[in-house]
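Inside the fold
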Amino acid sequence: MESSSLHHRDVRRIREIVLSWGKKNYQEYPWRDPDRKWHGLAAEILLQRTRAQNVVPVYAEFVDRFPEPEDLGRATEEEILDVIGSLGLHWRAPLLKKLGQELTGKESIPHTLDGLKELPGVGTYVGSAWLTFHAEKRSVLVDSNIVRWICRLLGREYDGETRREGWVRNLLDRLTPEDQHQTFNYALLDFTMNVCQPTRPLCEECPIGAEFCEHGRERLASD
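How each quantity is defined
Residue numbers restart at each chain and count upward from 1, following the sequence in its written direction. Restriction of local features to residues with pLDDT of at least 70 applies here, the model being predicted, together with a cutoff of 80 or more for giving and counting side-chain atom pairs; totals for whole chains, interfaces and linings are based on all residues. Here the side-chain values reflect all heavy atoms present in the structure, with hydrogen atoms and water set aside. Helix and strand labels come from DSSP, where a helix needs a run of H or I of at least four residues and a strand needs a run of E of at least two; each type is numbered from the N terminus. Atoms counted for the radius of gyration: C-alpha only. Globule rule: 2.2 Å times residue count to the power 0.38. Using a 1.4 Å probe on the protein chains alone, a residue whose accessible area is under 20% of its type maximum counts as buried, one over 50% counts as exposed, and one in between counts as partly exposed. Any pair of residues with heavy atoms lying within 4.5 Å of one another is described as a contacting pair. Positive residues here are Lys and Arg, negative ones are Asp and Glu, while His and the chain termini are left out of the count. A charge is said to be at NZ when it belongs to Lys, at CZ for Arg, at CG for Asp and at CD for Glu. Counted as salt bridges are all cases of a side-chain nitrogen of Lys or Arg within 4 Å of a carboxyl oxygen of Asp or Glu.

The next point concerns the overall build of the protein chain. A count of helices and strands for the protein chain gives 13 helices and zero strands. Each helix and strand of the protein chain, ordered N terminal to C terminal, gives the series α-α-α-α-α-α-α-α-α-α-α-α-α. The C-alpha radius of gyration of the protein chain comes to 18 Å, within 12% of the 17 Å expected for a compact globule of 223 residues. Oriented by its inertia axes, the alpha-carbon framework of the protein chain measures out at about 55 × 30 × 30 Å. In the protein chain, buried positions account for 46% of the 223 residues. In the protein chain, 62% of the contacts between residues at least 6 apart in sequence involve partners at least 24 apart. Of the charged side chains in the protein chain, 30 are positive and 36 negative, and the gap between their average positions amounts to 3 Å.

Turning to unusual backbone geometry, a few remarks are in order. Generally, phi is negative for residues other than glycine and the peptide bonds are trans, each holding for most cases. With a phi angle near 55°, Arg49 is a residue other than glycine that sits in the positive phi range. Non-glycine residue Glu136 carries a positive phi angle of around 55°. With respect to the helices and strands, Glu136 occurs in the loop between helix 8 (124–134) and helix 9 (144–154). Take Glu136: its relative accessible area is 64%, and that puts it in the exposed class.

This brings us to the pattern of salt bridges. Using the criterion set out here, one finds nine salt bridges in the structure. Notably, a salt bridge pairs Asp82 with Arg65, separated by 3.3 Å at the nearest N-O pair. You can see Asp82 sitting in helix 5 (residues 77–84) and its partner Arg65 sitting in helix 3 (residues 52–65), a full 17 residues away along the chain. Between Arg74 and Asp71 there is a salt bridge whose closest N-O contact spans 3.0 Å. With Arg74 and Asp71 both in helix 4 (residues 69–74) and three residues apart, the pair spans about one turn of that helix. Within the structure, one salt-bridge network assembled from shared partners comprises Glu61, Arg65 and Asp82.

Written out as structure tokens, the structure reads:
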């Protein structure tokens, strides 16, 4: 099934299912506090290629050690690593230091994707996540879990480069609602992490099921 063959009524129904599931299964994480603007941006950097549960204690210490951007900007890379080192990906330490320096003295964080991407450590995904979750601006999220879900839905092969293909963003743009984008995006993150898992997807529990998902249809038929 090609992405263009997903009828608008199916797009609408899948969106409704994801929204409904998300409202019942919302995951509480400390960085989901909409008032934690700059800490929310730092959290999105910490969450890159890292399990959310592993970030929880690190984020709590990060907020305690670096309550303001200038505290992060003044810290040494070694001091930052002392907080975030357990997560691996040590290249994040110098980027976070530069982010703290860049945000020091600023009245606000940029509210456009282009503006956000000028900040250290902020790429398309981090910027898009911050916009939808902390700036209440509609934004499309594309990460590895979401790409896996989209490809399973359509019965398509995927690899690490699939996220760069235009049809992926186009379809996710169609799925992301105008008015409930924040709720939808939280639901999508939680759903693709907890139901449409990498190696053992819970197809039997999936509310989308065989009605819309090619992968689910094949898997349930073979059981």
